Amino acid sequence: MRLEKVSISLDNGKIELELPMDKSTQNLCVVYSGGTAKVAMLPAHGETKIVTHQGKVKRVRFDEGEEF
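### Here's the deal with the overall build of the protein
- Counting its regular elements, the protein contains 0 helices and 7 strands.
- When the helices and strands of the protein are read in sequence order from the N terminus, they spell out β-β-β-β-β-β-β.
- Projected onto its principal axes, the C-alpha coordinates of the protein cover approximately 50 × 35 × 20 Å.
- Burial statistics for the protein: of 68 residues in total, 13% are counted as buried.
- Here the contacts in the protein between residues at least 6 apart in sequence split such that 26% fall between residues at least 24 apart.
- Of the roughly 5800 Å² that the protein leaves accessible, carbon and sulfur atoms contribute 47%.
- In the protein, which carries 10 positive and 10 negative side-chain charges, the distance between the mean positions of the two groups comes to 12 Å.

Here it is in structure tokens:
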């Protein structure tokens, strides 16, 4: 799976998360829903869609392409 769980801490209405240094230079997306946070690396060429259902994240879809 592309989504990886990340540890978070909630303090005074703020969310703090820790990412490894190798991920800090890449384009990424953090998705938070239901008290859980997950991170996904974004593709170089493509679309990333976050699908919700009844106010909760249901799935994350990746559609990648490559120029010819």
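The structure having been displayed, the exposition proceeds.
### A few points about the packing of aromatic side chains
- For the structure on display, the rule yields 0 aromatic pairs.
- We note arginine 2 situated over the ring of phenylalanine 62; from NZ or CZ to the ring centre the distance is 4.4 Å.

### Quick word on the pairing of strand E7 (residues 56–64)
- By the bridge criterion, 8 bridges tie strand E6 (residues 46–53) to E7 in an arrangement that is antiparallel. Along E7, the bridge assignment pairs glutamate 47 with aspartate 63.

About the criteria used
- Residues numbered from 1 in each chain as written.
- Predicted model: local features only at pLDDT ≥ 70, side-chain atom pairs only at ≥ 80, totals over all residues.
- Heavy atoms only, no water.
- Helix = DSSP H or I, 4+ residues; strand = E, 2+ residues; numbered from the N terminus.
- Buried < 20%, exposed > 50% of the residue type's maximum accessible area, 1.4 Å probe, protein only.
- Contact = heavy atoms within 4.5 Å.
- Areas by Shrake-Rupley, 256 points an atom, 1.4 Å probe, with all protein chains shown as cover.
- Lys, Arg positive; Asp, Glu negative; His and termini not counted.
- Charge placed at Lys NZ, Arg CZ, Asp CG, Glu CD.
- Phe/Tyr/Trp six-rings, centres within 6.5 Å; stacked < 30°, edge-to-face > 60°.
- Lys NZ or Arg CZ within 6 Å of the ring centre and 35° of its normal.
- Pairing = 2+ DSSP bridges.

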